[in-house]
Amino acid sequence: MQITSGLPEGFNAGAYDMIVVGAGYAGAVCARRLAETIGYRVAVLERRSHIAGNAFDCTDEAGILVHEYGPHIYHTFNERVHNFLSRFTKWTDYQHKVLANINGTLMPVPFNHASLKLAFGEERGEELYQKLVETFGKDVKVPIMELRKKNDPDLAEVADYVYENVFLHYTMKQWGQTPDQIDPSITGRVPVFVGDDDRYFPQAPFQGMPQDGYTALFEHMLDHDLIDVFCDVDARDLFEIDQTTVKIVYTGPLDELFNLDLGALPYRTLDMKFETLDMDQFQPVGTVNYTTSEDYTRITEFKNMTGQVLPGKTTIMKEYSKAYTPGSGETPYYAILEPENRELYERYLERVQNLTNFHPVGRLAEYRYYDMDAVTNSALDLSDEIIACHA
Ligand code: FAD
Ligand code: UDP
């Protein structure tokens, strides 16, 4: 593999069997599989100056490994995904834990047995917990919007508390809308957990951090004789989507390919404020969610996630969410899952669906709220299809 900045003089896209646009999970997984399974020569074009997409990590001025585009915690139930990614990294046994700062008291999120006792006191908390166990069973995830539908005064007491103190303010900050107004799958990502598991991803069998970081994982994944990586290259400067015959795996937003001519796909973006502090540790866990106060949604302390030991210094990051403005240089982080946005996406998708040389995949190109494992899975599926067609 070669990683170069810019394209060499006389770059010939036709000399490659596949052009992959984007060096995040979607692009890197496809590039690797097509190179090693069917011997494709692959050029990966990435408009940023680095590989790894939004999972990119690097060392800051204080020498601390930080996640440049927000905290990334690997977790999956998918064995195929886990086996594939594990070829390129060892994992630490980090288990992500999040505390919500609720009016100054830190409580585990997802809201669980321990949180109930902190919120309602030992005795009442236990009573409410037993009621949840009777109703739903033990070690079960209950989305807040499901819990709110239950017609029972005890369950309503829990639902109201969690809705008001965990979801309402945080969701307003993150999405500019209340939890009732957004797609229930979003709040469903952080269900109430009827049990004692206090990890952010309860029950996920595979979780951890790549031992040497995400960027190193990508360096290994892209390290193949048949893969060339070109950073600082915007693929739109090279191709007109409907006029090119080269084969393309595309992992950017679909609307950008058509200069947003049907309208821009709406996203939320984030301002991330990094601060290095002269102390060993700032907070007890990787992430603290500010669910009843502050303008930012959460604070992440990277050393708590990576396990890095560096006395006297720590770097934290605050996330401020806002609407994304296309063409402003902002990053489109979160697709806004609303039916009219999906319809707009489908109209863009229709335009590329009959292009047999063009394959959209990934969180941007599919306009989905995908975690790293889901993107990897989607890219494995797409590469399976391309490999099957080649055979
Ligand atoms: P991306 O990582 O966005 O990669 C796409 C790449 O394509 C980008 O690098 C972009 O520059 C490039 N590109 C786009 N257009 C062009 C073009 N025209 N020319 C050249 N290059 C182009 N997932 C988890 O599993 N756990 C987490 O804890 C987690 N935390 C997250 C926190 C935040 C704040 C965010 C925003 C996401 C988080 N995710 C997490 C999700 C994770 O980031 C994504 O699932 C994953 O990075 C998506 O990979 P991708 O390849 O689809 O997209
Ligand atoms: N959420 C919330 N309070 C929390 C955690 C999550 O209201 O303490 C809601 C919020 O709407 C958020 C969604 O649940 O956008 C999904 O949370 P998650 O932590 O999965 O978001 P991500 O890490 O993808 O930003």
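Everything below is about the structure printed above this text.
Residues numbered from 1 in each chain as written. Chains lettered and ligands numbered in written order. Predicted model: local features only at pLDDT ≥ 70, side-chain atom pairs only at ≥ 80, totals over all residues. Heavy atoms only, no water.

S.K.: Where do I start with the overall build of the protein chain in this structure?
M.R.: Of regular secondary structure, the protein chain possesses 12 helices and 19 strands. The C-alpha atoms of the protein chain give 22 Å as radius of gyration, which agrees with the globular expectation for 391 residues (21 Å, within 12%). In terms of principal-axis extent, the alpha carbons of the protein chain reach across some 75 × 50 × 40 Å. Total accessible area on the protein chain stands at roughly 17000 Å², and carbon and sulfur atoms take up 47% of it. In the protein chain, 34 side chains carry a positive charge and 60 a negative one; their mean positions are 2 Å apart. (Helix = DSSP H or I, 4+ residues; strand = E, 2+ residues; numbered from the N terminus. Rg over C-alpha atoms; globule rule 2.2 N^0.38 Å. Areas by Shrake-Rupley, 256 points an atom, 1.4 Å probe, with all protein chains shown as cover. Lys, Arg positive; Asp, Glu negative; His and termini not counted. Charge placed at Lys NZ, Arg CZ, Asp CG, Glu CD.)

S.K.: Got a minute to help me understand the sheet that holds strand β2 (residues 18-21) in this structure?
M.R.: Strands belonging to one sheet form pairs held by backbone hydrogen bonds; the direction of such a pair is parallel or antiparallel. Taken in spatial order, the six strands make up an open sheet running β1-β12-β3-β2-β13-β19, and their pairing is parallel. Edge strands, defined here as strands with exactly one partner in the open sheet, are β1 (2-5) and β19 (358-360). In this sheet, adjacent strand axes meet at a mean angle of 20° when their direction is disregarded. Two elements, β2 and strand β13 (residues 248-250), share three bridges in a ladder whose sense is parallel. The residue bridging Val 21 from the neighbouring strand is Tyr 250, located in β13. (Pairing = 2+ DSSP bridges. Axes fitted to C-alpha atoms, helices over the stretch in contact; angles between N-to-C directions.)

S.K.: Any chance you could explain the environment of Ala 35 here in plain terms?
M.R.: Relative to the helices and strands, Ala 35 resides in helix α1 (residues 25-38). Those residues in contact with Ala 35 that lie beyond four places of it in its chain are Tyr 40, Val 42, His 224, Leu 226 and Ile 227. (Contact = heavy atoms within 4.5 Å.)

S.K.: Hey, could you run me through the site of ligand 1 in this one?
M.R.: Glu 46, His 72, Ile 73, Tyr 370 and Met 372 are the nearest of the 32 residues found near ligand 1. One of the backbone nitrogen or oxygen atoms of Arg 47 is found 3.1 Å away from a nitrogen atom of ligand 1. Considering ligand 1 on its own, with 1000 Å² of exposed area, one finds that the protein chains cover 96% of that surface. Among the residues forming the shell around ligand 1, the class breakdown is 16 nonpolar, nine polar and seven charged. (Near = heavy atom within 4 Å. Polar contact = N/O pair within 3.5 Å; in protein donor to acceptor, adjacent residues only side chain to side chain. Nonpolar A, V, L, I, M, F, W, Y, C, P; charged D, E, K, R; others polar.)

S.K.: So what exactly am I meant to see when it comes to the sheet that holds strand β8 (residues 105-109) here?
M.R.: With mixed pairing, seven strands are arranged side by side in an open sheet as β8-β7-β15-β16-β17-β14-β18. The two strands at the open ends of the sheet, each matched to only one other strand, are β8 and β18 (334-335). Along the sheet, helix α6 (residues 153-175) makes contact with β7 (98-102), β8, β14 (267-277), β15 (287-290), β16 (298-301), β17 (314-323) and β18, crossing β14 at roughly 100°.

S.K.: What's the story with the environment of Asp 373 in this structure? I'm lost.
M.R.: Within the fold, Asp 373 resides in helix α12 (residues 372-390). Relative accessible area serves as the criterion here: at 16%, Asp 373 is assigned to the buried category. Put simply, Asp 373 and Asn 78 are 295 residues apart on the chain and 7.5 Å apart in space, counted from C-alpha to C-alpha. If near-sequence neighbours (up to four positions away) are discounted, Asp 373 is found in contact with His 75, Thr 76, Phe 77 and Val 81. Within the structure, the side chain of Asp 373 is placed 2.8 Å from the side chain of Thr 76, a separation counted as a polar contact. (Buried < 20%, exposed > 50% of the residue type's maximum accessible area, 1.4 Å probe, protein only.)

S.K.: Would you mind showing me how to read the packing of aromatic side chains here?
M.R.: For the coordinates displayed, the defined rule picks out 19 aromatic pairs. Each ring, one from Trp 175 and one from Tyr 334, has its centre 5.6 Å from the other, and the planes form 75°; the classification is edge-to-face. Of this pair, Trp 175 sits in helix α6 while Tyr 334 sits in strand β18, placing them 159 residues apart in sequence. Classification of Trp 175 as buried rests on a relative accessible area of 7%. Centroid distance Tyr 290 to Tyr 296: 5.2 Å. Interplanar angle 75°. Geometry classified as edge-to-face. When sorted by exposure, Tyr 290 lands in the same class as Tyr 296, which is buried. Taken together, the aromatic side chains of Tyr 267, Tyr 324, Tyr 345 and Tyr 367 make up a single cluster linked through ring pairs. (Phe/Tyr/Trp six-rings, centres within 6.5 Å; stacked < 30°, edge-to-face > 60°.)

These figures come from the coordinates and say nothing about function on their own.
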